[in-house]
Amino acid sequence: MMPGTTSPQPGKAPARIGFWRRLVGLAAPPAGSRRAVGRRAWSGLRTLLVELAEGKGGESLARERVARLIGHYAALDVPERRRFFTLLEAEFEVEEARVMASIEAYRGADAPARVRSRAQLLQSLESPRLRILRQFNLVPEGVHALVRMRADLLQLAPEGGFAGLDQDFLRVFSAWFDIGFLELKRIGWGSPAALLEKLIRYEAVHEIKSWSDLRNRLDSDRRCYAFFHPRMPDEPLIFVEVALVRSLADNVQALLDEQAPTLDPATATTAIFYSISNAQGGLRGVSMGECLIKRVVQLLLQEFPRLRQFATLSPLPGFGAWLDARLAGGAGPRKWPAALAAQLAGDARSPADGLRHLLHRSIDGDGPEDPALKAWLTRECAVYLLREKKRGEPLDPVARFHFSNGASLGRINWLADPSRHGLQQSCGLMVNYLYTLREIDANHRAFAETGQLAAAPEIRKLIDGAARPARPA
């Protein structure tokens, strides 16, 4: 916590939740009476939801109903929230009979009636719960309350147990969080303390370990930008951290070193996007990252016209697990070069543990850099990034994001993240995705139309090497 800030006292509901509870008569019940209060609260819930779905009574009454629903939801515990989502999923679904009747009416309509029949068909495809969700926009806290509600839904059903309800959430959010409604803001050390605290909490790629760490990331040769929504002015939706440097970065710890001298940003030639974090779990699946990067590039070019190169220093969140599975299945050891096989011969560890032991030795200085290990791991990484697919797209989620946005794979960096987490997640490797302005649109089209992945010739050669049989050990 920053000096001057406070946190809620244990056992007390936040003031906002307390307000909503008072609004709907759901003040905290005396000990031992939770069940009775719960029965009274649930008894009118279906009626409230039906009234919202029907939309009778005008906007003022709708605002009152939404406020009551938000207050009711805030008072629910986790099992009750699951019950609430189950109710929405099961009892406020699209009416199949109405859809089929609308389809038949559309098929039988003559040309003059087709427009009206089509409108009726489209309306029949909207579930009653979709009409409920849309009305959250009527109250000041409604948008944020709905985002938090979906975050709860995703935690309760990570595998899509409420598929219909989740699709309706996404339909609402795709409209509300259209890029035209969002505001891009720079976050600096002078920003409100509450906002800086949220950066620390929401950072999802490289943990912010202290206030001095955060201050270093917001120094004069650094930039942080975030998208905000007018109805959530104090909540970043997604933010990107940028380092202004003179060459392509190949080590994240060097990039984040608090003791490193501050560069005059006017002399920078390269902008490194080293962290992109989605701050709102409830907005998963709502695309904002592509526009964020493009907008930030435009702003940086306006401020620093000497910039010539835009790139990321990106993690490989799935590489370690993918490689471990290959090693456990014996695929890796069969392809090991002789020099690497000789080092691991007779090692009682598993192949995965043996590899990481060699990596630790290189990092700790107990052994020289191992060219055989470096060559083999780098080649496996290239195979993982460019060949391993899921439903026709790159298996790695970060690679999928950048390739879809028009980036190319520029370089694989050896031991770029030698932290414990980096070694476990990706054997210490990180990659540079390049955003070359004249190539972004063509790369994006090639990916969208044919699944083609743009990569530097040097990385393509690594793939060719992986295709050739390895020498026998």
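Quick look at the structure, then. (Residues numbered from 1 in each chain as written. Predicted model: local features only at pLDDT ≥ 70, side-chain atom pairs only at ≥ 80, totals over all residues. Heavy atoms only, no water.)

**Re the pairing of strand 3 (residues 238–245)**
The criterion, for reference: Throughout this description, buried means an accessible area under 20% of the type-specific maximum (1.4 Å probe, protein chains only), exposed means over 50%, and partly exposed covers the range between. By the criteria applied, helices consist of DSSP H or I runs no shorter than four residues and strands consist of E runs no shorter than two, each listed in order from the N terminus. DSSP calls a pair of strands paired once it identifies at least 2 bridges connecting them.
Among the 8 residues that make up strand 3, 8 are buried, leaving the element largely enclosed by the rest of the structure. Burial of the side chains of strand 3 extends over both faces: Ile 238, Val 240, Val 242 and Leu 244 are buried on one face and Phe 239, Glu 241, Ala 243 and Val 245 on the other. The pairing of strand 2 (residues 222–228) with strand 3 spans 6 bridges and is antiparallel. By the bridge assignment for strand 3, Cys 224 is matched with Glu 241. In this structure, strand 3 lies alongside strand 4 (residues 270–278), joined through 8 bridges in antiparallel fashion. By the bridge assignment, Ala 243 is partnered in strand 4 with Ile 272.

**Considering the packing of aromatic side chains**
Counted only if it meets this: Between the rings of Phe, Tyr and Trp (Trp by its six-membered ring), a pair exists once the centres lie within 6.5 Å; its type follows the angle of the planes, with under 30 degrees stacked, over 60 edge-to-face, and the other angles tilted. The criterion for a charge sitting over a ring is simple: Lys NZ or Arg CZ within 6 Å of the ring centre, and within 35 degrees of the ring normal.
Summed over all chains, the structure comprises 12 aromatic pairs. Relative to Phe 173, the ring of Phe 169 has its centre 6.0 Å away and its plane inclined at 40°; by these criteria the two rings are tilted. A residue pair is termed a helical-turn pair when its members lie 3 or 4 positions apart in one helix, as Phe 169 and Phe 173 do in helix 10 (residues 163–176) at 4 residues. With a relative accessible area of 0%, Phe 173 lands in the buried category. Taken together, the ring pairs in this structure connect Tyr 73, Phe 84, Phe 85 and Phe 162 into an aromatic cluster. Taking NZ or CZ as reference, Arg 201 lies 5.1 Å from the ring centre of Tyr 202, over its face.

**Considering the pattern of salt bridges**
Quick note on the threshold: Salt bridges, as used here, are contacts in which a Lys or Arg side-chain nitrogen is within 4 Å of a carboxyl oxygen on Asp or Glu.
Scanning the model with the defined rule gives 18 salt bridges in all. In this structure, Glu 91 and Arg 46 form a salt bridge, with 3.2 Å as the shortest nitrogen-oxygen distance. Pair noted here: Glu 91 is in helix 5 (residues 78–91) and Arg 46 is in helix 3 (residues 45–54), with a separation of 45 residues, a long-range link. For Glu 91, a relative accessible area of 45% gives the class partly exposed. Among the salt bridges present, the one from Glu 303 reaches Arg 223, with a minimum N-O distance of 2.7 Å. One end of the pair, Glu 303, is in helix 14 (residues 289–303); the other, Arg 223, is in strand 2, with 80 residues separating them in the sequence.

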